[in-house]
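So the chains spell out like this:
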Amino acid sequence: ETGVTQSPTHLIKTRGQQVTLRCSSQSGHNTVSWYQQALGQGPQFIFQYYREEENGRGNFPPRFSGLQFPNYSSELNVNALELDDSALYLCASSLVAGIDQETQYFGPGTRLLVL
Amino acid sequence: QKEVEQNSGPLSVPEGAIASLNCTYSDRGSQSFFWYRQYSGKSPELIMFIYSNGDKEDGRFTAQLNKASQYVSLLIRDSQPSDSATYLCAVFMDTGRRALTFGSGTRLQVQP
């Protein structure tokens, strides 16, 4: 157990809908990164939040957006869902300081199915 | 060329043998390297990380890094059926993006 929690665990949506996924970071961690993992692939970086601001973004369209709150928890929002958005969405927390700054610990993930 | 490459496997080894998992990366400036284990239907679990050239040992696991060859490997000694999983290599690249770049993973099967 990493101490990173995500909700919900599973979600079914239809094409065109919007979805919000939530993540609570590990105690003491101030940075949250979101990844998308399609079946049979490695996780792909979506974006990272540090001190409530976006701190880097991968090759994902603007309909993927996020928030970080003062308690370091975070949300991932996806608008206008497409079938290809079906994937495991992973949240990872880390501490942006010191030699361990890049070590990221993953939550259990949210499995999203878009029909 | 993919940024992080792994053989997808499956790599099949008998129980008690040494499993050797390999990974190459494209960014010569990469500084940090991670191995994660992922069981089917679960999220990645950190096994170990390595920053310096050479070997790093943690129990039955040894990570090896060769920056000149842009190569990182994971050795699992005394493999157990419970080690059967997908092993993901991840690299922290010096691109300004504070993110891990993952390979597609190698599926390991340990035969009892």
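Structure first, text after, so check above.
Residues numbered from 1 in each chain as written. Chains lettered and ligands numbered in written order. Predicted model: local features only at pLDDT ≥ 70, side-chain atom pairs only at ≥ 80, totals over all residues. Heavy atoms only, no water.

Peer 1: Tell me about the environment of Gln 36 of chain A, and please be specific about residues and values.
Peer 2: Residue and element names in this part refer to chain A. Structurally, the position occupied by Gln 36 is in strand S4 (residues 31-37). What makes Gln 36 buried here is its relative accessible area of 12%. For Gln 36 and Gln 68, which are 32 residues apart along the polypeptide, the C-alpha to C-alpha distance reads 18 Å. At 2.9 Å, the side chain of Gln 36 and the side chain of Tyr 89 are in polar contact. (Helix = DSSP H or I, 4+ residues; strand = E, 2+ residues; numbered from the N terminus. Buried < 20%, exposed > 50% of the residue type's maximum accessible area, 1.4 Å probe, protein only. Polar contact = N/O pair within 3.5 Å; in protein donor to acceptor, adjacent residues only side chain to side chain.)

Peer 1: For the sheet that holds strand S7 (residues 61-66) of chain B, give the residues involved together with the corresponding values.
Peer 2: Backbone hydrogen bonds are what pair the strands of a sheet, in a parallel or an antiparallel way. Residues and elements named next belong to chain B. Strands sit in the order S1-S3-S8-S7-S6 across an open sheet of five strands; the sheet is antiparallel. Of all strands in the sheet, those bounded by a partner on one side alone are strand S1 (4-5) and strand S6 (54-58). As paired elements, S7 and strand S8 (residues 71-76) share six bridges and run antiparallel to each other. Bridge assignment links Asn 66 to a residue of S8, and that residue is Tyr 71. (Pairing = 2+ DSSP bridges.)

Peer 1: How would you explain unusual backbone geometry if you had to name every residue and give the values?
Peer 2: Each neighbour pair has its own omega, and for Ser 7 of chain A with Pro 8 of chain A the value is -10°, a cis peptide bond. Considering the arrangement of structural elements, one finds Pro 8 of chain A in the loop between strand S1 (5-7) and strand S2 (10-13). A positive phi is found at Glu 52 of chain A, a non-glycine position, where the angle reads about 70°. Locating Glu 52 of chain A in the fold gives a position in the loop between strand S5 (44-50) and strand S6 (53-57). A residue is classified by how much of its surface remains accessible, and Glu 52 of chain A, at 44% relative accessible area, is partly exposed. Despite not being glycine, Gln 70 of chain B shows a phi value in the positive range, around 55°. Residue placement: Gln 70 of chain B occurs in the loop between S7 and S8.

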